[in-house]
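# Inside the fold
Here is how the chains run, residue by residue.
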Amino acid sequence: MPEVHFLEQVLERIAQGELRVPKFQRPFLWRPEQMLQLFDSMERGYPMGSLLIWETTMPLESLDTIGGRRIPPAPEGAKVAYILDGHQRLSTLFGVLHRSADAPSSARQEDWMWWVYRPLVRSEHDGVRYRHWKSGEPVPSHFLPMRSVLGTLDFLEYARTLSDVPHSREEAGRLTKESERIAKRVKNYKVSVVRMEGGTLQQAIEVFSRINSSGQKMRPDQMVSALTYGTIGSSETLSDKMEEIKGRIAASGFGEIPIMTIFQTVLALSGEEDVQRDTSWETMARKVQGQLMTAVEDTDLILQQVVEFLREEVRVPLARLVPYNIQIMLLAVFFHFSDKVEAEQRVKLRHWFWTTSLAGTFAGSNTTQVRKFITEMKAFARSESGLSYSAERARSFPERFDLRSARVRAYLLWDLQTFPDRKNLDGDTANVLEQLATAHSETYRHVITQSGVPGASSPANRIVMTTPPRVSIRQALIRLAEDGRTDILDSHGVSLESIEHLKADEFTEFILARQHELAARERQFIESLGIKSADKEVGEADIDTE
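These remarks concern the structure in this document.

Calculation rules
Residues numbered from 1 in each chain as written. Predicted model: local features only at pLDDT ≥ 70, side-chain atom pairs only at ≥ 80, totals over all residues. Heavy atoms only, no water. Helix = DSSP H or I, 4+ residues; strand = E, 2+ residues; numbered from the N terminus. Buried < 20%, exposed > 50% of the residue type's maximum accessible area, 1.4 Å probe, protein only. Contact = heavy atoms within 4.5 Å. Polar contact = N/O pair within 3.5 Å; in protein donor to acceptor, adjacent residues only side chain to side chain. Pairing = 2+ DSSP bridges. Axes fitted to C-alpha atoms, helices over the stretch in contact; angles between N-to-C directions. Salt bridge = Lys/Arg side-chain N within 4 Å of Asp/Glu carboxyl O. Phe/Tyr/Trp six-rings, centres within 6.5 Å; stacked < 30°, edge-to-face > 60°. Core = buried A, V, L, I, M, F, W, Y, C linked by side-chain atoms within 4.5 Å.

### Re the overall build of the protein
Each helix and strand in the protein was counted, giving 21 helices and 14 strands. Each of the 546 residues in the protein was classed as buried or not, and the buried ones make up 50%. For the protein, long-range pairs separated by at least 24 residues make up 73% of all intrachain contacts whose partners lie at least 6 apart in sequence.

This is the structure:
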């Protein structure tokens, strides 16, 4: 049966180190607005949902910080409990209500998110009654800092500030009364606690894995990480190791590979082919547990080879431009299961990458199809069969610029290879990759910015160029044509013929002319690879990346 405790008592157990968060828990994931909504719900008297804690004498690795605050080791001989459900809620409440007065307060989210205030003037809030203070300006005196409501001395100090500011006595009294009401609400707030006593770590994690009452669903990699806790190392979880791999690849300049892709790669290299399973994660964890340590180490090494192959031989400069993340996993399968990579195999892999990217081979792949792709790649790696995608046809030139489309990403890979030395208006070379790594789609600026122009969403209406203030891309292109700077225009694939339409304010005609020129050049590249081109010149850009 649930037990009812004052929130203040529960938070004090955290402060004393007696209530802890086990390391197999998912990290703190709540957004700032979710934190504010929790406080708003408490003030309105809404229940926050039960907390589930596990009391055990078993020593268990746990976090030494909760809600951005360090917590002490558990007192010797004390009864220790671990939070199985309620981490996000308790981290929010502890991090805010037990915030120290000298804790960092800056414009960085990691600092300001833990400083929650309750405006005492009704006109200051509409809907959710709580606020974060992100500005560097002093916090208004009528903003009650929630860190002060549990400590008597802290609250009295705040109450004194209300009488010190130039309010009328009546207004100061009203604000003080309102702050006392809110503090009383928090102090008297009760939570339902369900205690689980004894049992094994595996049982505790299996209970934990079935819980989703906080609305923060676990990812599959976090689930398996929890269920295989203790198999990777004495203090590191599977998630920890995968974050290391992700960080190492990002630091190489290739950018971040999604954690789910790394997780699927770990599963595939451990011998599992059902890498898209979304149920029975306990069964999956038990199945691969014995191979995880080796698979994680293999993944770390193999993904470095995959990145090198993509960069050097396919000329994919950034992870975010890989059309399908499954391609990364399948390439890892190839390099892992191949005893010796032949030059001919590398050529075929390059052809496979472009064909599957242009044809949309992996769009919406289900579990059965992914298992088949893995089986085929293993056989190719062992020289038992080839990779036959000769019947697949490239999709048409995309009519919309949307980086959620694999076809658009494939276009950009071609675009970057075809126009490697783009120049700005002043003749300096543009660092496109640096811009893409930070600005993403904003790197490709619109030529025609007027709304309602047919074709304005086409990739043909995008240019990578830096211009001075008050000079638009359209003006820059016209100026370059008038000055005879065809070298700069050529570096962007813009013809003088298409610019004639710009001069005449024929915006749609400009886009169509450039679209036709780009589509023709891209089609030559596609056919040079031995890939069948599309029947139509332009087609829909499906949103099909994972």
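### Description of the side chain of His98
By secondary structure assignment, the location of His98 is in the loop between α3 (87–97) and α4 (109–112). Judged by its relative accessible area of 15%, His98 falls in the buried class. Those residues in contact with His98 that lie beyond four places of it in its chain are Leu11, Glu12, Ala15, Arg69, Leu93 and Leu150.

### Comments concerning the environment of Arg422
Within the secondary structure, Arg422 is located in the loop between α16 (406–418) and α17 (432–439). Only 2.8 Å separates the side chain of Arg422 from the side chain of Asp415, close enough to count as a polar contact.

### Observations concerning the sheet that holds strand β2 (residues 19–20)
Taken in spatial order, the 5 strands line up as β1-β10-β3-β6-β2 in an open sheet, and their pairing is mixed. Strands at the two margins of the open sheet, each flanked by one partner only, are β1 (3–6) and β2. Judged from the 4 bridges that link them, β1 and strand β10 (residues 190–197) form a sheet pairing that is antiparallel. Opposite Glu3, over in β10, you have Val193 as the bridge partner. Lying on the sheet, helix α1 (residues 7–15) is in contact with β1, β2, β3 (51–55), β6 (81–85) and β10; it crosses β1 at an angle near 80°. The strands touched by α3 are β2, β3 and β6; relative to β6, the strand with the most contacts, the crossing angle is about 120°.

### A short note on the pattern of salt bridges
The full count for this structure, using the stated rule, is 38 salt bridges. In this structure, Arg181 and Glu178 form a salt bridge, with 3.1 Å as the shortest nitrogen-oxygen distance. Here the residue Arg181 and the residue Glu178 both occupy positions in helix α6 (residues 169–187), the gap between them amounting to 3 residues, near one helical turn. In this structure Arg181 comes out as partly exposed when scored by relative accessible area, which is 32%.

### Some remarks on the packing of aromatic side chains
Working definition: an aromatic ring pair is given by the centre-to-centre distance plus the angle between the planes. With the rule as written, the count across this model stands at 17 aromatic pairs. Aromatic pair Phe309 and Phe335: ring centres 5.8 Å apart, planes at 65°, arrangement edge-to-face. Here the residue Phe309 occupies a position in helix α12 (residues 292–314), and Phe335 occupies one in helix α13 (residues 325–337), the gap between them amounting to 26 residues. By the burial criterion, Phe309 is buried, and Phe335 matches it. Ring centres 5.5 Å apart and planes at 40° place the aromatic pair Phe401 and Tyr444 in the tilted group. With Phe401 in the loop between β11 (397–398) and α16 and Tyr444 in the loop between α17 and β12 (445–446), this residue pair connects regions lying 43 residues apart in the sequence. Under the relative-accessibility criterion, Tyr444 is labelled buried at 3%. Taken together, the aromatic side chains of Phe309, Phe334, Phe335 and Phe380 make up a single cluster linked through ring pairs.

### Things to note about the nonpolar core
By size, the foremost hydrophobic cluster in this structure holds 102 residues, and its most contacted members are Leu310 and Trp352. Residues in contact with Leu310, not counting those within four places in the same chain, are Phe254, Arg315, Val316, Val322, Ile328, Leu331 and Phe353. Within the second largest apolar cluster, 44 residues are counted, among which are Leu38, Met48, Leu51 and Ile53.

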